Amino acid sequence: MVREMKHTEIGEIPAEWELQTFEETFRVLSNNTLPRADLNDRRGTVRNVHYGDILTRFGEVLDCEKDEIPYLNDVSLLTASAQILQDGDVILADTAEDDTVGKVTEVYGLGKGRMVAGLHTIPCRVKKGAFVPKWLGYYMNSTIYHDQVLPYVTGIKVSSISKTAISETLIAVPPLEEQRAIVSALSEVDQLLAELKKVASKLRNFKRGCLYLMFPQEGSDVPQMREPGYAELWEQRKLGDYCDMFNGDRSSKYPNAADMVSDGIPFINAGDLENGTVNLMTCNRISREKYNDLGGAKLQRGDIVYCLRGTLGKNAFIDNFDEGTVASSLVALRPKNIDGKYLYFILNSDIEYRQRIVRDEGAAQPNLSAKSVSEYIIPVPSRAEQQHISAYFSTLDHLITLHQQKYDKYAQIKKAMISELITGKIKLV
């Protein structure tokens, strides 16, 4: 049986669904205006939903029984007009650095707990329409709704929206039975995503523990945990003994915006380093002529790039391209007489961290020099044990990546499901 559809401002939706404006649907509440510095993740009596957490930590539904929501340090600092939230309220992030502005989370499972919406948020409470718990969270994060919000975004470096600007955006109100069916289907996908995320998190924590146990700690020449067959003491040597180091070209030839091309040699910035690798989709490119004209770092497979300014110590192992160069905030390390992957894992352990924090030379901005990094003392076992250790951690990284890829795949499926369900193209009841 073909479902009867009607054409609306948001596209075709089932004939029995209603539409009403944001202004008709919601009463806007007063939010709290305390900065992040007045919040903590440990304890308190009133929780505070910060806009940054909506953008990066919370999903469409804010499960107050499971999600880690910051507390106010001091309730006496609470903005006098801030209103206490309740289940079913939705909170929009009205500011972001990109088009995620307008992301929404719906309050769920709060019960008798006390919570307020924080800085740069628009908290709303339903005044018209009947909604199943979680429906608004899913709907208002769908492209069907978010695409209505985007034309009202203002700002260049920082994007923002106002409650007045989005007052005429449209909220879909399906029959309650259909809302329940859609929410149930999406909740099952969320449960699967949560399990995948939990496994990946456990693997990362396990790896963190192994990084501590499988490398000698300060004052020791052997690790606490070691594979059978290895008994000799580890050497303690300077990092500079085991790699050549190359800064990016810092002369007048340094690439500027006019030197960037759409298809060329990777020119890597700190922001391109993601999960231990270089994201070639985000990095700038320079022409071969410009690349050949530069001095300094000329990357090759097996190098490590390491951040000297800003996010100190952030690094990546180069195994997905064969040539490139780095911005002035990075230094390239070329391993010699050491297993390169082993050195990479050392640079992601507490051994690196302890030495980095005492060498920070910056004032306004964190800063290191390549020379100070070369002075790091690193523990070095036999080449065979290095390779054994790097193979072990590479296997762990592979497992983490597989679970992350599976998570990303199901997240994409969920995104497509939301679009199909909310436009009524998939009928569940």
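Before any of the text, the structure's been laid out above.
Owing to the predicted nature of the structure, the values given are computational and were not obtained by experimental measurement. (Residues numbered from 1 in each chain as written. Predicted model: local features only at pLDDT ≥ 70, side-chain atom pairs only at ≥ 80, totals over all residues. Heavy atoms only, no water.)

Asker: Where do I start with the overall build of the chain in this structure?
Answerer: A count of helices and strands for the chain gives ten helices and 26 strands. The principal-axis extents of the C-alpha atoms in the chain amount to approximately 70 × 50 × 50 Å. A total of 429 residues make up the chain; the buried ones form 45% of that total. Surface summary for the chain: the accessible area is close to 21400 Å², and the carbon and sulfur share equals 50%. Measuring between centres, the 51 positive side-chain charges of the chain sit 3 Å from its 58 negative side-chain charges. (Helix = DSSP H or I, 4+ residues; strand = E, 2+ residues; numbered from the N terminus. Buried < 20%, exposed > 50% of the residue type's maximum accessible area, 1.4 Å probe, protein only. Areas by Shrake-Rupley, 256 points an atom, 1.4 Å probe, with all protein chains shown as cover. Lys, Arg positive; Asp, Glu negative; His and termini not counted. Charge placed at Lys NZ, Arg CZ, Asp CG, Glu CD.)

Asker: Looking at this model, I keep getting lost on the environment of Val261. Mind explaining?
Answerer: Note on placement: Val261 falls in strand β18 (residues 260–268). If we ignore the near neighbours within four places in the chain, the residues touching Val261 are Arg285, Ile286 and Ser287. (Contact = heavy atoms within 4.5 Å.)

Asker: In this structure, what is going on with the side chain of Gln148? I would like to understand it.
Answerer: When you line up the elements, Gln148 lands in helix α4 (residues 143–149). Contacts of Gln148, omitting those with residues within four sequence positions, involve Ile10, Tyr139, Thr169 and Leu170.

Asker: Got a minute to help me understand the sheet that holds β18 in this structure?
Answerer: Backbone-to-backbone hydrogen bonds pair the strands of a sheet. The strands run either parallel or antiparallel. Strand order in the open sheet made by the three strands is β21-β18-β24, with mixed pairing throughout. Each having just a single partner strand, β21 (284–286) and β24 (325–326) make up the two edges of the open sheet. Sheet analysis places β18 next to β21, joined by four bridges and oriented antiparallel. Each bridged residue has a counterpart across the sheet, and for Phe267 the counterpart in β21 is Asn284. (Pairing = 2+ DSSP bridges.)

Asker: Help me understand helix α8 (residues 350–357) in this model?
Answerer: Three- or four-residue spacings in an α-helix give side chains the same orientation, since the helix completes a turn every 3.6 residues. Listing the buried residues of α8 in full gives Ile351, Glu352, Gln355 and Arg356. Down the axis of α8, the smallest arc covering the buried residues is 120 degrees, so these residues share one side. Residues of α8 that are buried sit in contact with β22 (304–307), α7 (340–346) and β26 (377–380). (Arc of directions from axis to C-beta.)

Asker: In this structure, what is going on with the packing of helix α5 (residues 176–213) against helix α10 (residues 383–422)? I would like to understand it.
Answerer: Axes are the key here: two packed helices are described by the angle between their axes and the distance separating the axes. Here α5 crosses α10 at 165 degrees, and the two axes come no closer than 10 Å. Considering their axes alone, α5 and α10 lie roughly antiparallel with respect to each other. Judged by the sense of rotation from one axis to the other, the crossing of α5 with α10 is left-handed. For the contact of α5 with α10, the per-class residue count stands at 24 nonpolar, two polar and seven charged. (Axes fitted to C-alpha atoms, helices over the stretch in contact; angles between N-to-C directions. Parallel < 35°, antiparallel > 145°, perpendicular 65-115°, else oblique. Left-handed = near helix turned anticlockwise from the far one by under 90°. Nonpolar A, V, L, I, M, F, W, Y, C, P; charged D, E, K, R; others polar.)

Asker: Would you mind going over unusual backbone geometry with me for this structure?
Answerer: When glycine is set aside, most residues are seen to have a negative phi, and most peptide bonds are trans. One non-glycine residue, Lys134, adopts positive backbone phi at about 90 degrees. If you trace the backbone, Lys134 turns up in the loop between β13 (121–126) and α3 (135–140). Accessibility expressed as a relative area gives 18% for Lys134, which makes it buried. Unusually for a residue other than glycine, Asn337 sits at a positive phi of about 55 degrees. With respect to the secondary-structure elements, Asn337 resides in the loop between β25 (330–335) and α7.

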